[in-house]
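Overview (structure and organization)
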Amino acid sequence: QVQLVESGGGLVQPGGSLRLSCAVSGSIFRLYVMGWYRQAPGKQRTLVALIGSDGTTYYVDSVKGRFTISRDNAKNTAYLQMNSLKPEDTAVYYCNAKRASVGSDYWGKGTLVTVSS
């Protein structure tokens, strides 16, 4: 039984930083592509960043240069470092673990990030 638990969300002022964590249990963590997604109020859930088993990363244009996705396979944890936060970054952030070869796709319950003065 695979479980993902996000943490690190909260209220931050524009220009501030937050580091989100995603702890994964019940899986061979190193074999999964890890991703961060977000869903703003009234909007669809969208991709923010991905990191593959080999460390290859992908970012959507809106967060390039500001966000960094990483993983620590020894700790079974993925991270999203968010710098220079903007009000439009306000959303519930979700962690995702995917292993397409075996049809596995798991989600955390989300952590709320609010960027506001």
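Every chain's residues receive numbers from 1 upward, in the order its sequence appears when written. Only residues with pLDDT of 70 or above have their local features reported here, since the model is predicted, and side-chain atom pairs are shown and tallied only from 80 upward, although totals for entire chains, interfaces and linings are computed over all residues. Water and hydrogen atoms were dropped before computing side-chain values, which therefore reflect all heavy atoms in the structure.

Re the overall build of the protein chain
- Runs of E in the DSSP output that reach at least two residues are strands. Runs of H or I that reach at least four are helices, and both are numbered from the N terminus. Helix and strand counts for the protein chain come out as zero helices and 11 strands.
- We compute the radius of gyration from the C-alpha atoms alone; for a globule the expected value is 2.2 Å times N to the 0.38, where N is the number of residues. For the protein chain, whose C-alpha radius of gyration is 14 Å, the value lies close to the compact-globule estimate of 13 Å for 117 residues.
- Along the three orthogonal principal directions, the C-alpha set of the protein chain runs to about 45 × 25 × 25 Å.
- Partly exposed describes any residue whose relative accessible area lies between the buried limit of under 20% and the exposed limit of over 50%, with all areas from a 1.4 Å probe on protein chains only and scaled to the type maximum. Within the span of the protein chain, comprising 117 residues, buried residues form 42% of the whole.
- The contact definition used throughout considers only heavy atoms, calling two residues in contact when any of these lie within 4.5 Å. The contacts of the protein chain with a sequence gap of at least 6 include a subset with a gap of at least 24, amounting to 54%.
- Summed over its atoms, the accessible surface of the protein chain is roughly 6300 Å², and 48% of this surface lies on carbon and sulfur atoms.
- Of note, the protein chain has its 13 positive side-chain charges centred 3 Å away from the centre of its 7 negative side-chain charges. All accessibility values rest on the Shrake-Rupley procedure with a 1.4 Å probe; residue burial counts only the protein chains present in the view. Think of it this way: Lys and Arg go in the positive column, Asp and Glu in the negative one, and His and the chain ends go nowhere. By convention, charge coordinates are those of NZ in Lys, CZ in Arg, CG in Asp, or CD in Glu.

Concerning the side chain of T111
- Positionally, T111 belongs in strand β11 (residues 111-115).
- We define a polar contact as two N or O atoms separated by no more than 3.5 Å, with the added condition that, inside protein, one atom must be a possible hydrogen donor and the other a possible acceptor, whereas residues neighbouring each other in sequence contribute only through side-chain atom pairs. A polar contact is formed between the side chain of T111 and the backbone nitrogen of G9, at a distance of 3.2 Å.
- If sequence neighbours within four positions are ignored, T111 has contacts with E6, S7, G8, G9, L20, A91, V92 and Y93.

With respect to the sheet that holds strand β3 (residues 18-25)
- Between any two strands, at least two bridges found by DSSP are needed for them to pair. Strand order in the open sheet made by the four strands is β1-β3-β8-β7, with antiparallel pairing throughout. Edge positions in the sheet fall to β1 (3-7) and β7 (67-72), since each has one partner strand and no second. Taking the axes of each pair of neighbouring strands and ignoring which way they run, one obtains an average angle of 15° across the sheet.
- Where β3 lies against strand β8 (residues 77-82), six bridges are found, and the strand directions are antiparallel. Looking at the pairing, A23 lines up with T77 of β8. Lines are fitted to the C-alpha atoms to define the axes, a helix being fitted only along its stretch in contact, and any angle between axes, read from their N-to-C directions, falls within 0 to 180 degrees.

Some remarks on the pairing of β3
- Relative to β3, β1 is paired through five bridges, and the arrangement is antiparallel. Bridging from a neighbouring strand, V5 pairs with A23 of β3.

Examining the packing of aromatic side chains
- For this analysis, a ring pair means two rings from Phe, Tyr or Trp (six-membered ring only for Trp) whose centres lie within 6.5 Å, classed as stacked if their planes differ by under 30 degrees, edge-to-face if by over 60, and tilted for the remaining angles. Applying the stated criterion across every chain yields a total of two aromatic pairs.
- Centroid distance Y32 to Y106: 6.3 Å. Interplanar angle 50°. Geometry classified as tilted. Here the residue Y32 occupies a position in the loop between β3 and β4 (33-39), and Y106 occupies one in strand β10 (residues 104-107), the gap between them amounting to 74 residues.
- With relative accessibility at 27%, the residue Y106 sits in the partly exposed group.
- Think of it as a cone above the ring: NZ of Lys or CZ of Arg counts as a charge over the ring if it is within 6 Å of the ring centre and within 35 degrees of the ring normal. The cationic tip of R45 hangs over the ring face of Y94; the distance from NZ or CZ to the ring centre is 3.6 Å.

Structural notes on the nonpolar core
- Put simply, a nonpolar core is a bunch of buried Ala, Val, Leu, Ile, Met, Phe, Trp, Tyr and Cys residues held in one set by side-chain atoms that sit within 4.5 Å of each other. In this structure, M34, W36, L80, M82 and Y93 are the most contacted members of the largest nonpolar core, which totals 30 residues.
- Elements with a contribution of two residues or more to this core: β3, β4, β5 (46-51), β7, β8, β9 (91-99) and β11.
- The contact partners of Y93, leaving out residues within four places of it in the chain, are E6, L20, W36, Y37, R38, V48, F67, L80, M82, G110, T111 and V113.

Honestly, it's all geometry; don't read function into it.
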